[in-house]
Amino acid sequence: MTRTTRRGTTVELAISSALTVLGVTRDEVKVEVINQGRKGFLGFGAKEAEVTVTIMNFEEPSVLEEAKPLMEIQPTEIEVISESVKPPVEKEEVQIEGLSDQTAIEETENYLKMIAIGMGVDDIQISHEIKGKYVTFQMESAKAALLIGKRGQTLNALQQLSQLVTNKLASQFKVVRVDIGDYRERREQSLEQLAERMADKAVRTGKRIQLEPMASYERKVIHNALSRRMDIETYSEGSDPFRYLVIESVR
């Protein structure tokens, strides 16, 4: 028999991944649920679901009904482990480079939903848009403020987590953006206005202006907004997550 062991956010997703690897349909395999998984909060204390799927000989009776009910399974972070064995003594490993991009994106959506629900945002709706290597997850909720946080800190954290999850699973690197409503656009406009004010202040006072710690993409917005000014220079100092941008007058 040929078998593979897979982990996923749910037993169903783990089984689907195994069927893809083995190249068979559900009625051709025996499924053993090793672990139903455990839901964590914000990814902490979570445990993935794990199954072993074995291709059956046609004379063997199906035992799919022995699998535990899928509705009892809770989502969590994903890690893929696969293995294939051929009888009687020959063994062959199945190499998994990554899931399909679409599956990786769907898994990331599920992960974002899990976090939002854990935060008490039970009306969350998520859609996504793909443009080449760029993936944007658009969230909608009446409780948007909870997902944005102070100056977008919570939203930035969700974006960073989504970037990690997507690229842990996808076959090709993706640049991930997470937005809710039109917050990112409004934030960028606010940063551009802040950049001009602080640049003017640096020139007027001749003093070094140090901004508050920001995410890398927000520092980039300010760098770009001031890139055409010849009377100031900008650079970053410190280490993430406390890295900040400095504006200085050039004289």
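Use the structure listed above.
Remember, predicted model here, so these are calculated numbers, not experimental data.

1. Some details on the layout of surface pockets
Which parts of space are left empty comes out when a probe the size of a water molecule is rolled across the atoms. Approximately 1000 Å³ is the volume attributed to the largest pocket. Along the walls of the largest pocket sit 28 residues, with N156, Q159, A215, S216 and Y217 positioned nearest its centre. Residue assignment for the lining of the largest pocket shows that the elements contributing at least two residues are β5 (134-140), α4 (153-169), β6 (175-180), α5 (183-205) and α6 (216-225). Considering each element in turn, the lining of the largest pocket owes the most residues, 6 residues, to α4. For the lining of the largest pocket, a count of residues per class yields 12 nonpolar, 7 polar and 9 charged.

2. Observations regarding the side chain of Q159
Along the polypeptide, Q159 turns up in helix α4. Note on Q159: relative accessible area 13%, which makes it buried. Here the side chain of Q159 touches R184 through a polar contact of 3.0 Å, side chain to side chain.

3. So, unusual backbone geometry
Here the phi dihedral of R151 falls at roughly 50°; this positive angle occurs in a residue that is not glycine. By the secondary structure assignment, R151 is in the loop between α3 (144-148) and α4.

Conventions adopted
Sequence order sets the numbering: in each chain, residues are counted from 1 along the sequence as written. Given that the model is predicted, a residue must reach a pLDDT of at least 70 before its local features are reported, and side-chain atom pairs must reach 80 or more before they are shown or counted; all residues, however, enter totals for whole chains, interfaces and linings. Remark: hydrogens and water are excluded; side-chain values derive from all non-hydrogen atoms of the structure. In the cavity and pocket records, a cavity denotes points on a 1 Å grid over the protein atoms alone where a 1.4 Å probe fits but cannot get out, a pocket denotes an open set with protein on both sides within 12 Å along at least 5 of 7 lines, and lining residues are residues with an atom within 4 Å of a point. Grid points are joined across faces, edges and corners, and a volume is the space filled by probe spheres set on the points. Counting from the N terminus, the helices are the DSSP runs of H or I reaching at least four residues and the strands are the DSSP runs of E reaching at least two. For this classification, Asp, Glu, Lys and Arg are treated as charged, while Ala, Val, Leu, Ile, Met, Phe, Trp, Tyr, Cys and Pro are nonpolar and the rest, including Gly, are polar. For every residue, the accessible area (1.4 Å probe, protein chains only) is compared with the maximum for its type, and the residue is labelled buried under 20%, exposed over 50%, or partly exposed between those bounds. Polar contact criterion, stated in full: a pair of N or O atoms within 3.5 Å, where within protein one must be able to donate a hydrogen and the other to accept it, and residues adjacent in sequence count only if both atoms are side-chain atoms.

Functional significance is not addressed by these values, which are geometric in nature.
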